[in-house]
Amino acid sequence: MSLKAPELLLPAGSLQKMRAAYDFGADAVYAGQPRYSLRARNNEFRLEQIAQGIAEAHTRGKKFFVTSNLIAHNDKVRTYIRDIQPVVELKPDALIMADAGLIMQVLAQMEKGVFPKVPIHLSVQANTTNWAAVKFWQKVGVERIILSRELSLDEIEAIRNECPDMEIEVFVHGALCIAYSGRCLLSGYFNRRDPNQGTCTNACRWEYGTTAASEQSPSGEAVPVGKLDADFNFAEAQAEAEGSFSTCGSGQRHPAADKVYFLEEKGRPGELMPIMEDEHGTYILNSKDLRAVEHVERLARIGVDSLKIEGRTKSLYYVARTAQVYRRAIDDAVAGRPFNPELLLELEGLANRGYTGGLLERRPAQDYQNYINGHSELHRSHFVGEVTAVRDDGWVQVQAKNRFSVGDRLEVLHPSGNRVVELKEMHNLDGEPVQVAPGDPVRVWVPLGLPAEGGLVSRLL
């Protein structure tokens, strides 16, 4: 039996990224309504841009989903129907929602004919982890379930078998949360920015130092007494943890249990933030990034309807690279070709925190976490420029984003195909030879021989 190709769904943090997603193989994109999605910051999609995005998508035969998936407090319930109505009237291909009350209100407006009919997709924020919950939401009127990231491949297959007539969507690439699908409290605790209101500061990924706290002051507050000298010994802690999930390896309370510490983030020296530690330790964790390209064939065989990539705040290069790689993986799976391990190497060209298959496969807990670095690392290539113009003689104008030089090996990503070239010469806009393009806002001419604009350039490391 031939496989049905699942939809490839990419993030669109801007119209430019939306176009790149389509150019490099996406079937659909999702963009957030700022006040009501989990991307309130770094989001250009106001009503005008949503309208333009929907129009362009439909012209190209693609789909455009509007993300409206916050967990609403009363104030936003009061304004939601007013603000979502002009969006719904633009007829996006779906609304991605999480809040049961808001879903109820939108469905009621559609039932009364006030809103045009628009499919509702249940956001991963709703944490759907079982087939009974899928059937509940199907009965309510939801047309697609974006399953929780906390499911294994076998659990996804079981849900598909129990709910054969419901659309299901699965995340396959991007950042992972340290709590159930976005329900982390660190950002709200340290910065008063609620992740479920779209203002997460990714506090789990910062680099911290620790300062011990004394007994409480007369006012009842903990007081810092100085820097802790010892570094965290991961190997020792891991050996202890193997004894029990609930206690230290000996079953005894850790000697530092129930103490108060202060965390000092590297970028904000002097700002001490209190954190409690009990016998289980503290839970400041930095998840590796999800990568499931090697599982695309299995997901297609299961019958997953849509494969979703995370990253509305990621770069244009990230959108293009992931769209291209996962498009090839889907096409290979449908054609019956074996998995191409080169796809793994191509994803190493993206800045990442190390990759994991997440909970799709059962692995020891430490495999999910990156205990060493909180920042992204470049393992194969570095994004250096965007092609903005093409001449008939094969020279192209590149808007430099990062430094590159004559003699570098460059990889050019283009919808027509990728290529690797050694840069032998480069000119400035006046036609004069130059050796280095130092970065933004410099533009240079280089001989890459592209057929059209839309290419992205990276420097191979």
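Model, not experiment: these values are computed from the prediction.

**Some details on the pattern of salt bridges**
As a working rule, side chains carrying opposite charge can pair if their charged atoms are close by.
Logical step 1: Under the defined criterion, the tally for this structure stands at 24 salt bridges.
Logical step 2: Between Arg321 and Glu346 there is a salt bridge, and its shortest N-O distance comes to 3.7 Å. Residue Arg321 is found in helix 10 (residues 316-335), and its partner Glu346 is found in helix 11 (residues 342-347); the two are separated by 25 residues along the sequence.
Logical step 3: Each of Glu7, Arg144, Glu167, Glu169 and Lys308 takes part in one network of salt bridges that share partners.

**A word on helix 5 (residues 131-140)**
Logical step 1: Where helix 5 begins, the capping side chain belongs to Asn130, and its oxygen is found 3.0 Å from the backbone nitrogen of Ala132.
Logical step 2: Positive phi shows up at Gly141, right after helix 5, with a value of about 130°.

**Describing empty space enclosed by the protein**
Logical step 1: All chains considered together, the criterion is met by two cavities of 30 Å³ or more.
Logical step 2: Of the pockets and cavities examined, the largest cavity occupies roughly 100 Å³.
Logical step 3: Taken together, 13 residues form the lining of the largest cavity, with Ser148, Arg149, Val170, Phe171 and Leu360 sitting closest to its centre.
Logical step 4: Along the walls of the second largest cavity sit His173, Gly174, Asp289, Lys314, Tyr318, Leu350, Ala351, Asn352 and Tyr355, which together make up its complete lining.
Logical step 5: Looking at the lining of the second largest cavity, its residues break down into four nonpolar, three polar and two charged.

**Digging into the confidence of the model for the protein chain**
Logical step 1: Mean pLDDT over the protein chain works out to 83, with 74% of the residues at or above the 70 mark.
Logical step 2: Throughout residues 278-283 the model reports pLDDT below 50, and contacts reaching past four residues in sequence, or to other chains, amount to 13 contacts.
Logical step 3: For residues 369-375, every residue scores under 50 in pLDDT, and the model assigns this stretch 15 contacts once sequence neighbours within four places are set aside.

**Digging into the packing of aromatic side chains**
Logical step 1: All told, the structure shown has four aromatic pairs when counted by the stated rule.
Logical step 2: Between Tyr317 and Phe383 the ring centres are 5.0 Å apart and the planes differ by 5°, which places this aromatic pair in the stacked class. Taken together, the residues Tyr317 in helix 10 and Phe383 in strand 15 (residues 381-390) connect sequence positions 66 residues apart.
Logical step 3: For Tyr317, a relative accessible area of 3% gives the class buried.
Logical step 4: In this structure, Lys308 packs its charged tip against the face of Tyr30, placed 4.4 Å from the ring centre.
Logical step 5: The ring of Trp445 has Arg391 sitting right over it, with the charged end atom 4.5 Å from the ring centre.

**Concerning the side chain of Asn69**
Logical step 1: Structurally, the position occupied by Asn69 is in the loop between strand 3 (63-68) and helix 3 (74-88).
Logical step 2: With relative accessibility at 6%, the residue Asn69 sits in the buried group.
Logical step 3: At a separation of 3.2 Å, a polar atom in the side chain of Asn69 contacts the side chain of Ser123.
Logical step 4: With residues near it in sequence (within four places) discarded, Asn69 still touches Tyr36, Ser37, Leu38, Ile96, Met97, Ala98, Ser123 and Gln125.

Rules used throughout
- Per-chain numbering applies: the sequence of each chain, read as written, is numbered from 1 onward.
- The model is predicted, so local features are restricted to residues of pLDDT at least 70 and side-chain atom pairs to those at 80 or more, both for listing and for counting; the totals for chains, interfaces and linings are taken over all residues.
- Water and hydrogen atoms were dropped before computing side-chain values, which therefore reflect all heavy atoms in the structure.
- Definition used for salt bridges: Asp or Glu carboxyl oxygen within 4 Å of a side-chain nitrogen of Lys or Arg.
- Strands here mean DSSP runs of E at least two residues long; helices mean DSSP runs of H or I at least four residues long; both are numbered from the N terminus.
- Contacts described as polar in this section are N or O atom pairs within 3.5 Å, which, within protein, must combine one atom able to donate a hydrogen with one able to accept it, while residues neighboring in sequence count only if both atoms come from side chains.
- Grid points spaced at 1 Å and placed over the protein atoms alone form the basis of the search, with a cavity being a set where a 1.4 Å probe fits but cannot get out and a pocket an open set showing protein on both sides within 12 Å along at least five of seven lines. Lining residues have an atom within 4 Å of a point.
- Grid points are joined across faces, edges and corners, and a volume is the space filled by probe spheres set on the points.
- Residues are grouped as follows: Ala, Val, Leu, Ile, Met, Phe, Trp, Tyr, Cys and Pro are nonpolar; Asp, Glu, Lys and Arg are charged; all remaining types, including Gly, are polar.
- One confidence number per residue, pLDDT, is output by the predictor and ranges from 0 to 100.
- Throughout, a contact is declared for two residues whenever any of their heavy atoms are within 4.5 Å.
- Note on aromatic contacts: the rings of Phe and Tyr and the six-membered ring of Trp form a pair at centre separations within 6.5 Å, being stacked when their planes are under 30 degrees apart, edge-to-face when over 60 apart, and tilted otherwise.
- Residue exposure (1.4 Å probe, protein chains only): buried if accessible area is under 20% of the type maximum, exposed if over 50%, otherwise partly exposed.
- Cation placement over rings: the criterion is NZ of Lys or CZ of Arg within 6 Å of the ring centroid and within 35° of the ring normal.

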